[in-house]
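The primary structure of each chain is shown beneath.
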Amino acid sequence: MKRTWIFVVGTAVGVVMLLMVTRCGVVPDETPMAENRPPNVVVLFADDLGYGDLGVYGNPAIRTPNLDEMAEEGQKWTNFYVGASVCSPSRAALLTGRLPVRSGMYGTQERTRVLFPDTPGGIGANETTLAEALRARGYATGIVGKWHLGHLPEHLPMVHGFDRWFGLPYSNDMQQTAERDAPFLASIFLRPRSEYWNVPLMRDEEILEQPADQTQLTRRYTEEARAFIEVNREQPFFLYVPYTMPHVPLFTDEAFVDVSAAGLYGDVVEEIDWSVGQILDTLREHELDGRTMVLFTSDNGPWLVYQQQGGSAGPLRQGKATTFEGGMRVPAIFWWPGTIPRATVHEMGSTLDVFTTAITLADGEAPADRPVDSLDLTPVLFQTGASPRNTMFYYRADELHAVRKGLFKAHFITEGSYGEPPAREEHDPPLLYHLGEDPAEQFDVGPQYPDVIADILAEVKVHRQGLDVAPSVFDLRSPPEQ
Ligand code: MG
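Calculation notes
Residues numbered from 1 in each chain as written. Predicted model: local features only at pLDDT ≥ 70, side-chain atom pairs only at ≥ 80, totals over all residues. Heavy atoms only, no water. Donors = N, O, S within 2.8 Å, 3.2 Å for Na, K, Ca; no water. Tetrahedral: all angles 85-135°; square planar, octahedral: opposite > 155°, others 65-115°. Helix = DSSP H or I, 4+ residues; strand = E, 2+ residues; numbered from the N terminus. Buried < 20%, exposed > 50% of the residue type's maximum accessible area, 1.4 Å probe, protein only. Expected span 1.5 Å × (residues − 1). Contact = heavy atoms within 4.5 Å. Core = buried A, V, L, I, M, F, W, Y, C linked by side-chain atoms within 4.5 Å. Domains from an automatic or database assignment. pLDDT = per-residue confidence, 0-100. Pairing = 2+ DSSP bridges. Phe/Tyr/Trp six-rings, centres within 6.5 Å; stacked < 30°, edge-to-face > 60°.

A. Quick peek at the coordination of the magnesium ion. For the magnesium ion, the full set of protein donor atoms is Asp47 (OD), Asp48 (OD), Cys87 (SG), Asp299 (OD), Asp299 (OD) and Asn300 (OD1), and the range of their distances to it is 2.1 to 2.7 Å. Coordination geometry of the magnesium ion: the six donor atoms subtend angles of 53 to 157° at the metal centre, consistent with an arrangement described as irregular. Written as a sequence motif, the donor arrangement for the magnesium ion is D-D-x38-C-x211-D-N. One end of the pair, Cys87, is in helix H3 (residues 87-96); the other, Asp299, is in the loop between strand E8 (292-298) and helix H9 (325-328), with 212 residues separating them in the sequence. The same class applies to Cys87 as to Asp299, namely buried.

B. Here's a closer look at helix H7 (residues 217-231). With 15 residues, H7 ought to run about 21 Å at 1.5 Å a step, and its terminal C-alpha atoms sit 21 Å apart, in line with that. Those residues of H7 that are buried are in contact with strand E3 (140-144), strand E4 (164-167), strand E5 (201-203), strand E7 (237-242) and helix H8 (263-285).

C. Molecular detail of the nonpolar core. With 74 residues, the main nonpolar core has Trp77, Leu95, Leu130, Trp147, Phe238, Tyr240 and Ile456 as its most contacted residues. The element contributing the most residues to this core is helix H10 (residues 354-361), with five residues. Two domains share this core, each providing at least three of its residues, namely domain 1 (36-390) and domain 2 (394-465). Beyond its immediate chain neighbours, meaning those up to four positions away, Ile456 contacts Val403, Lys405, Phe408, Ala410, Phe412 and Leu432. Ranked by size, the runner-up nonpolar core spans 58 residues in total, among them Ala46, Ala225, Ile229 and Ile279.

D. How the structure looks around the confidence of the model for the protein. Summary statistics for the protein give a mean pLDDT of 91 and a share of 89% for residues scoring 70 or more. Low pLDDT (under 50) marks residues 13-33, which in the prediction has three contacts with non-local residues, meaning those over four places away or in another chain. The low-confidence segment residues 478-482, where pLDDT is below 50, has one contact with residues more than four positions distant or belonging to other chains.

E. Here's a closer look at the pairing of strand E2 (residues 75-81). Counting buried positions along E2 gives seven out of seven residues, so the element sits mostly inside the fold. With three bridges joining them, E2 and strand E9 (residues 332-335) adopt antiparallel strand pairing. If you follow Trp77 over to E9, its bridge partner there is Ala332. Of the pairings in the sheet, the one linking E2 to strand E10 (residues 343-350) comprises six bridges and is parallel in character. Counterpart to Asn79 in the pairing with E10 is Met348.

F. Local environment of the packing of aromatic side chains. For the coordinates displayed, the defined rule picks out 19 aromatic pairs. Ring geometry for Trp77 and Phe334: centres 5.4 Å apart, planes at 50°, overall tilted. In this pair, Trp77 sits in strand E2 while Phe334 sits in strand E9, placing the two residues 257 residues apart along the sequence. Judged by its relative accessible area of 0%, Trp77 falls in the buried class. Taken together, a centroid distance of 5.8 Å and an interplanar angle of 90° make the contact between Phe228 and Phe237 edge-to-face. Among the residues examined, Phe237 registers a relative accessible area of 0% and is labelled buried.

The following block contains the structure:
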């Protein structure tokens, strides 16, 4: 009897110990390797979508039920910044975690603020992209959409860490086939046709179609993204979907023509919303929603000169190509059901931070041989700590125009978008806005806060001490013939 009792207790202790050890991961788990794999990372990156263009960010006309639901299930960030307010530098910042002044991915001439089909420059071989960093950790890597980091063979996605690519090498308003006649230009954006822009659609190194049928881009990107997820569902993957839209010229599939009260721009955003819903559904169908971090954001603010076709920055001032909030602050929704608690996050974050955050999730380390401007946002995502980001440097080309620290933002130089007002103006002492009380940047409170200005100037001094400005790689060509 006593023996039996000892045996029962012994067995019970043994089972409990085995369970504990198994939980700690000392004994190999019986579950497949897949259970221990790092999370997938999906970055959905709209082009020129403004802070005020989604339902969940207050747009009163454009319907975005899928993005609204994504925000409801995840985290909506209200102080999230891009690394630059135009396409190519912003994309370089996202994929390298470095300010464009460090990588040379900026242009100083009016027509080289982004890369053009006649610009030989592009992302440098010495840069480490997020795709390269994650591929080194065993991830499958795919890009579906607009690249815009150099169209020559040595700059294409396949050379910079991506296994697969389907999309455009640059913006959809480039390679214009029509004469540069002002009334005609205005009309082609109002009633665009794909053949007005001889933009190639590529798969890996091959041109599939030229000009690309722009009405089908969002639909085809969605199909390609779904297929990538299905093919790679058994292994960790990084999927980057830089949509071509809603950058002008605006196009949708027939199914989204005249569906929105917000006109053509609304149609285009509603199609992107549909696309996001399809991609999230694909993750759910394959039970990958619990092991995939998805971020939806934009590369820069709205292109306001296109008026109704240019989107809205909501309550924020100005838009694309400026260092006002409307140019640099964008919608950002993080989604990872069961892991990222639901929240509205008012702390600061940046597309620059996606690099280090994703590498941290993959249990890797950011490259140590170069300075990065990227911070680990996982404490905020998991709601275990505060955001490490308390400052943001707003560059235009290689000039520092503004700095945010905490709730205050100092402007040293203000300037409108691409020759639009307001005219360039230098400020000494800087303009100072309180972004909590005054997110629209209307009221200069500099005279009331000399200590804040002094503190920001000290921050700039430290920043410049560690900064090795690389020459622009966009300006390496003769000026365009007019
Ligand atoms: Mg853009």
